[in-house]
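Descriptive analysis of the structure
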Amino acid sequence: MLLKIEIENFFSIKERITLDFRAGNINTTKSRELADNVMEWNGQKILKTIGLFGPNASGKSNITKAINFCCRLIFESHLHNENTVFDFTPFKFDGWSNKPSSFLVVFVCDDIEYEYAFSLSKTEILGESLYYYPNKRRAKVFVRQGNRYTYGEGIIPRAKDVEVNTSNKNLFLSRASSMNRDFAKRIFNYFYNRFILGLVPINSSDAEQYFSKYKPVILEALSVCDSDICDIQLQKRQGQELSISTDGINAQKTIRDVELIQILTFHKSSSEIAFDMMSEESAGTRQLFGILMLLLDVVKRHKSLMLDEFDISLHTLLADFILDLVHASDGAQLLFTSHNTNLIDTNRLRKDQIVFVNKKVDGSTEVYSLYDFKNFRDNMDAEKSYKQGRFDAVPIVGTSVENLKRLLEEIQ
């Protein structure tokens, strides 16, 4: 499970922001009614879901991009060569473009807490560290500062061999995993298999595996969501795909044979007539189907999932259903962004699960939760307070008809 994520100097994120899945000390009647929103580990209450709310351009998507970038670097940095330039942009104002960017993830793997962090510029890894907590006491696995390394005793065998094969373009963790060091492979596999970064295309081979495993439950879930779809079938057929390659001057087009997956739906009113999911079902149905396929696997196998604007094209009651599905699990987690203010509701989410993302005067992103507002009581209307601007992270829009009339009159 995830315990904490920290990000600094990444796109609109300037100073360090923190997403903390460790629950706050809330002991109210309403929080007790939401007992399923948390799980317990090692004597701590851990949040199953966190929602990020705020206006457009406040930085919600930059937070998900930063987490995605962090994980992708773990997966791929052992492949980087000397000409690599890391694909991100630091905060551009106030001289921060010349400062390091940093990432920290605290998580639980095999019932042990780990703390992994690294910092980098656009062109090199500047620092990296991994600690863990055997017997609840912090112990060093390795610490890297530039080209200098120190190690915990006896944890990574032949660590020096990994070190000499790690350039300033590679994460030591990635290199150690690629060199078959068990400790690093365990951490790599946590990020790769347990931390899911978004939806997969619903007609991909990955989706086919999820569907084959969870088809009966998906149909039942669609029924609960008041869908009249009574059956779904996947069919494979041969097709062709156009690819374009270039040598910098000339473009070459090639057509290759590929196997395509077609998803067919059948409705109760005429169960013998097939509909193509991609072209004949609504955007909301496609979104719900895609989320259900992945989320059921996340819930059953206790994974963590990150979804940017997860409820786009979904009715608010379907968004509620998805959150309820996570809260009904024993150990799944969901980090999501949303513009759906109906979810800013202390009858559905604890105050520490409602996180606001706001743009400050200097253009940087700040993050804080409803839990930080100590004078906000559970019996208050959180959504109404949000819309009134009490928590700042709401768009300021001049919507009066008179203002808009004046605006239109200026157009020649």
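Above this text is the structure in question.
Please read these numbers as outputs of a predicted model, since none were measured by experiment. (Residues numbered from 1 in each chain as written. Predicted model: local features only at pLDDT ≥ 70, side-chain atom pairs only at ≥ 80, totals over all residues. Heavy atoms only, no water.)

1. Quick notes on the overall build of the chain
Formally: Secondary structure elements are defined from DSSP: runs of H or I of at least 4 residues count as helices, runs of E of at least 2 residues count as strands, and each element is numbered from the N terminus. We compute the radius of gyration over the C-alpha atoms and compare it with the globule rule, which gives 2.2 Å times the number of residues raised to the power 0.38. Burial here depends on accessible area, computed with a 1.4 Å probe over protein chains only, as a share of the maximum for the residue type. Under 20% is buried, over 50% is exposed, and the range in between is partly exposed. The contact criterion used is simple: two residues touch if any of their non-hydrogen atoms lie within 4.5 Å.
Of regular secondary structure, the chain possesses eleven helices and 18 strands. Taken over the C-alpha trace, the chain has a radius of gyration of 24 Å; the compact-globule value for 412 residues is 22 Å, and the two agree within 12%. For the chain, the spread of C-alpha atoms along the principal axes amounts to about 65 × 60 × 60 Å. Each of the 412 residues in the chain was classed as buried or not, and the buried ones make up 51%. Considering only contacts in the chain between residues 6 or more positions apart, those separated by 24 or more positions represent 61%.

2. Examining empty space enclosed by the protein
Inclusion rule: Put simply, the grid is 1 Å and covers the protein atoms alone, a cavity is a trapped set of points that fit a 1.4 Å probe, a pocket is an open set with protein on both sides within 12 Å along at least five of seven lines, and lining residues have an atom within 4 Å of a point. Grid points are joined across faces, edges and corners, and a volume is the space filled by probe spheres set on the points.
Tallying each qualifying case throughout the model produces three cavities of 30 Å³ or more. What the largest cavity holds in volume is close to 50 Å³. Lining the largest cavity we find Ile-26, Thr-28, Lys-30, Ser-31, Leu-34, Thr-346, Leu-349, Arg-350, Lys-351 and Asp-378.

3. A closer look at the packing of aromatic side chains
Where we set the bar: When the centres of two rings from Phe, Tyr and Trp lie within 6.5 Å, Trp using its six-membered ring, the rings pair. Their planes under 30 degrees apart give stacked, over 60 give edge-to-face, and anything left gives tilted. Here, over-ring charges are defined by two tests on the NZ atom of lysine or the CZ atom of arginine: distance to the ring centre within 6 Å, and angle to the ring normal within 35 degrees.
In the structure shown here, the tally under the stated rule is 32 aromatic pairs. Ring centres 5.2 Å apart and planes at 80 degrees place the aromatic pair Tyr-190 and Phe-191 in the edge-to-face group. The class of Tyr-190 is buried, set by a relative accessible area of 4%. Phe-191 gets classed as buried once you look at its relative accessible area, which sits at 0%. Looking at Lys-65, its charged tip hangs above the ring of Phe-11, at a distance of 5.7 Å from the centre.

4. A look at the sheet that holds strand 18 (residues 365-369)
Basically, it comes down to this: Strand pairing requires that DSSP identify at least two bridges connecting the strands. With axes taken as lines fitted to C-alpha atoms, and helix axes fitted only over the stretch in contact, angles between N-to-C directions fall between 0 and 180 degrees.
Spatially, 11-15-16-5-17-18 is the arrangement adopted by the six strands of the open sheet, whose pairing is mixed. Of all the strands in the sheet, just strand 11 (195-196) and strand 18 have a single pairing partner and so form its edges. Contacts from helix 9 (residues 316-327) reach strand 5 (49-53) and strand 16 (333-338), with the element oriented near 160 degrees to strand 16.

5. Digging into helix 9
Basically, it comes down to this: The span one expects for a helix is its residue count, reduced by one, times 1.5 Å.
Spanning twelve residues, helix 9 covers 17 Å between terminal C-alpha atoms, matching the ideal 16 Å at 1.5 Å per step. Judged by how many residues are buried, helix 9 sits mostly within the fold: nine of twelve residues are covered. Within the span of helix 9, buried status applies to Leu-318, Ala-319, Asp-320, Phe-321, Ile-322, Leu-323, Leu-325, Val-326 and His-327. Turning to helix 9, the residues buried within the fold contact strand 5, helix 6 (205-224), helix 8 (283-300) and strand 16.

6. Brief notes about the pattern of salt bridges
How we decide: Counted as salt bridges are all cases of a side-chain nitrogen of Lys or Arg within 4 Å of a carboxyl oxygen of Asp or Glu.
Here the structure, examined in full by the defined rule, presents 20 salt bridges. For Glu-15, the salt bridge identified is with Lys-360, shortest N-O distance 3.6 Å. With Glu-15 in the loop between strand 1 (2-8) and strand 2 (17-20) and Lys-360 in the loop between strand 17 (354-359) and strand 18, this residue pair connects regions lying 345 residues apart in the sequence. Here Glu-15 falls in the partly exposed class, since its relative accessible area comes to 44%.

7. Regarding the sheet that holds strand 8 (residues 125-132)
Pairing in this open sheet of seven strands is antiparallel, and the strands run 2-1-6-7-8-9-10 from one edge to the other. Sheet topology places strand 2 and strand 10 (148-151) at the edges, where each strand pairs with a single neighbour. On average, adjacent strands in this sheet sit at an angle of 5 degrees to one another, irrespective of strand direction. Examined bridge by bridge, strand 9 (residues 139-145) and strand 10 share four bridges and lie antiparallel to one another.

8. Things to note about the state of the cysteines
Inclusion rule: In this description, a disulfide is simply a cysteine sulfur pair whose atoms lie within 2.5 Å.
Counting across every chain of the model gives zero disulfides. Free of any disulfide, Cys-70 has its nearest cysteine sulfur in Cys-71, 5.2 Å distant.

9. Quick look at the layout of surface pockets
Formally: Note on residue categories: nonpolar means Ala, Val, Leu, Ile, Met, Phe, Trp, Tyr, Cys or Pro, charged means Asp, Glu, Lys or Arg, and polar means any other residue, Gly included.
Approximately 450 Å³ is the volume found for the largest pocket. Around the largest pocket, the lining is made up of 18 residues, and of these Tyr-192, Ile-196, Val-200, Asp-206 and Tyr-210 lie nearest the centre. Broken down by secondary-structure element, the contributors of at least two residues to the lining of the largest pocket are helix 2 (60-76), helix 5 (182-194), strand 11, helix 6 and helix 8. In terms of residue count, the dominant contributor to the lining of the largest pocket is helix 6 (four residues). Classifying every residue of the lining of the largest pocket by side-chain character gives nine nonpolar, three polar and six charged. Of the pockets and cavities examined, the second largest pocket occupies roughly 310 Å³. Forming the boundary of the second largest pocket are 17 residues, of which Met-1, Val-108, Cys-109, Asp-110 and Arg-194 lie nearest the centre.

10. Re the packing of helix 8 against helix 9
The relative placement of two packed helices is expressed as an angle between their axes plus a distance between the axes. Spelled out, the test is: Oblique is the label for every angle not falling under 35 degrees (roughly parallel), over 145 degrees (roughly antiparallel), or within 65 to 115 degrees (roughly perpendicular). Two helices that cross are described as forming a left-handed crossing if the nearer one is turned anticlockwise from the farther one by less than a right angle, and a right-handed crossing if clockwise.
Running from N to C, helix 8 and helix 9 point in directions that differ by 10 degrees, and their axes come no closer than 10 Å. In terms of their interaxial angle, helix 8 and helix 9 are classed as roughly parallel. The handedness of the crossing between helix 8 and helix 9 comes out as right-handed. Of helix 9, the residues touching helix 8 (which contributes Leu-288, Ile-291, Leu-292, Leu-295, Leu-296 and Val-299) are Leu-318, Phe-321, Ile-322, Leu-325 and Val-326. Grouping the constituent residues of the contact of helix 8 with helix 9 by class yields eleven nonpolar, no polar and no charged.

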